Amino acid sequence: MKIKENVPNFKDANTIEIHYWLKGGTHLMDAYIQNKCEHEFLGIIREIALKVNADIIVETEPFREGGLRRWFKVVSKEENKKGPITQAAIVALITVILSTPISKSIEKVIDKVFEDVEMQDLEKEKIKLEIKKLRQDLNETERNIGGNVTIKKRRSNFYSNLSGYPDVDEISIISQDNSKTIIKENRIKRNRFSEFILVNDDIEPIEINNAIIEIISPVLKKGNYSWMGVYEGNIIHFKIKSAEFKSLVQSGKIQFKNGTSIDCQLIIHRAVDNEGVIKVTKHEVIRVNSYFENDKPVETPEGKSYRQKREADKSQYRLFDDNNKN
């Protein structure tokens, strides 16, 4: 994605207008805040372009009066191949995502938007067919678009920047395709900015029920110390949360040798940074299913209980399924 400045005529283009409504009708805004907001906005565009596999550039028009208004033109490098409707779809997606609070499903709003696009006065049946095909293509990716951590974080950053700048009373967002409105103006007042801001940077952890960790450095005494091991070729530091397994280790019932491994339930905790990059924050072993002695697995009591419960659940499910078939 490339960004080009000072394009004078956006009249017949796929554009998004961001209008910062300022206190007292002024046209002056802190340049750092404005640039921070637009950095996040362009990051959202870049992520959407990646998800829909579109090669685009973004061009901007000079400022105009009326608060502070910015126009962003989305241009597809493959316009001749895919047609202008692809640009219209991307513009619609960007506008919907930027104006949809955390509590609402972006996917449902996207569906509504594309229904509205189809209601436009389209002269050629070919364009209608292109819209339908585009919707089918987007159905495969819109789940990722709606739940995309990078997009969520950048949208949160956008509103967090505005929330900390009291001179902005509200913003409005509108998108157009060839002078026709795709999405009507959506005005968001300051008291709603918090609806778009993430409470914290933590995201859903990853749970692996049979992770194999080769132990490099065990903890043999009591205390909240970290172990060190190798998981999937990477060295990790982790805490053992299983009191039962720690007791077996501290009592000397489990001896560690070079290459000793454990089969365990591993929780990988993650968070997203300001650039929308997911990073691992910590590893925790909740349950140890078994450990290995001379390459032979030795089941722990808690591992045995977990296995028996799983087997009982599977048997109950099969019995329920057989009864339904009869």
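Before reading on, note that the structure itself is shown above.
Here goes a summary of the coordinates provided. (Residues numbered from 1 in each chain as written. Predicted model: local features only at pLDDT ≥ 70, side-chain atom pairs only at ≥ 80, totals over all residues. Heavy atoms only, no water.)

When helices and strands are counted, the protein shows nine helices and 12 strands. Counting only residues that meet the buried cut, the protein has 43% of its 326 residues in that class. Considering only residue pairs separated by 6 or more positions, the protein has 65% of its internal contacts joining residues 24 or more positions apart. When the accessible surface of the protein is totalled, it reaches about 18600 Å², and 48% of it is carbon and sulfur. (Helix = DSSP H or I, 4+ residues; strand = E, 2+ residues; numbered from the N terminus. Buried < 20%, exposed > 50% of the residue type's maximum accessible area, 1.4 Å probe, protein only. Contact = heavy atoms within 4.5 Å. Areas by Shrake-Rupley, 256 points an atom, 1.4 Å probe, with all protein chains shown as cover.)

Looking now at the pairing of strand E2 (residues 15-22). Taking burial as the measure, the eight residues of E2 include seven buried ones, the bulk of the element. As defined by bridge partners, E2 adjoins strand E4 (residues 68-76) across six bridges and the pair is classed as antiparallel. Opposite Ile16, over in E4, you have Phe72 as the bridge partner. The pairing of E2 with strand E5 (residues 168-177) spans eight bridges and is antiparallel. Pairing of Ile16 across the sheet is with Ser175, part of E5. (Pairing = 2+ DSSP bridges.)

Take Lys77: it is sitting in the loop between E4 and helix H2 (79-82). Overall, the relative accessible area of 43% leaves Lys77 in the partly exposed class.

What follows covers the packing of helix H1 (residues 31-51) against helix H7 (residues 149-163). Where H1 meets H7, the axes come as close as 9 Å, and the angle between the chain directions of the two elements is 165°. Comparing their axes, H7 and H1 come out roughly antiparallel. The element H1 and its partner H7 pack so that their crossing is left-handed. On the side of H1, the interface is formed by Ile33, Lys36, Cys37, His39, Glu40, Phe41, Gly43, Ile44, Glu47 and Ile48, while H7 contributes Thr150, Ile151, Arg154, Arg155, Asn157, Phe158, Asn161 and Leu162. Looking at the contact of H1 with H7 residue by residue, the class counts come to eight nonpolar, five polar and five charged. (Axes fitted to C-alpha atoms, helices over the stretch in contact; angles between N-to-C directions. Parallel < 35°, antiparallel > 145°, perpendicular 65-115°, else oblique. Left-handed = near helix turned anticlockwise from the far one by under 90°. Nonpolar A, V, L, I, M, F, W, Y, C, P; charged D, E, K, R; others polar.)

For helix H8 (residues 243-250), the set of buried residues is Phe245, Leu248 and Val249. For H8, the arc enclosing every buried residue in end-on projection is 100°, short of the 170-degree limit, so these residues lie on one face. One or two positions beyond H8, positive phi appears at Gly252, with a value near 85°. (Arc of directions from axis to C-beta.)

Core analysis: the biggest nonpolar cluster contains 36 residues, and Tyr20, Met29, Phe41, Phe158, Tyr159, Leu162 and Ile171 have the highest contact counts within it. Among the elements that make up this core, the one with the highest residue count is H1 (eight residues). The contacts of Leu162, once residues within four sequence positions are left out, are Tyr20, Met29, Cys37, Val168, Ile171, Arg190 and Phe193. Ranked by size, the runner-up nonpolar core spans 21 residues in total, among them Ile208, Leu248, Cys264 and Val285. (Core = buried A, V, L, I, M, F, W, Y, C linked by side-chain atoms within 4.5 Å.)

This structure, assessed with the given rule, holds seven aromatic pairs. Ring geometry for Phe158 and Tyr159: centres 5.2 Å apart, planes at 75°, overall edge-to-face. The pair Phe158 / Tyr159 is uniform in exposure class, with both members buried. Taken together, Phe158, Tyr159, Phe193 and Phe196 form an aromatic cluster joined through their ring pairs. If you follow Arg287 out to its NZ or CZ, it ends over the ring of Tyr306, 3.5 Å from the centre. (Phe/Tyr/Trp six-rings, centres within 6.5 Å; stacked < 30°, edge-to-face > 60°. Lys NZ or Arg CZ within 6 Å of the ring centre and 35° of its normal.)

So, about the side chain of Thr95. As for its position among the elements, Thr95 is in helix H3 (residues 85-98). If we skip the residues at most four places from it in the chain, Thr95 touches Ile16, Ile173, Ser175 and Ile183.

All right, on to the environment of Leu28 then. Mapped onto the elements, Leu28 comes out in the loop between E2 and H1. Ignoring anything within four residues of it in the chain, the contact list for Leu28 reads Leu22 and Tyr165.

Our focus in this paragraph is the pattern of salt bridges. Throughout the structure, instances matching the rule amount to 14 salt bridges. Across the pair Glu17 and Arg69 runs a salt bridge whose closest N-O atoms are separated by 3.4 Å. With Glu17 in strand E2 and Arg69 in strand E4, this residue pair connects regions lying 52 residues apart in the sequence. Residue Lys189 pairs with Glu170 through a salt bridge whose shortest N-O separation is 3.6 Å. Of this pair, Lys189 sits in strand E6 (residues 180-189) while Glu170 sits in strand E5, and the two are 19 residues apart along the sequence. Owing to a relative accessible area of 10%, Glu170 belongs among the buried residues under this scheme. Each of Glu40, Arg154 and Glu275 takes part in one network of salt bridges that share partners. (Salt bridge = Lys/Arg side-chain N within 4 Å of Asp/Glu carboxyl O.)

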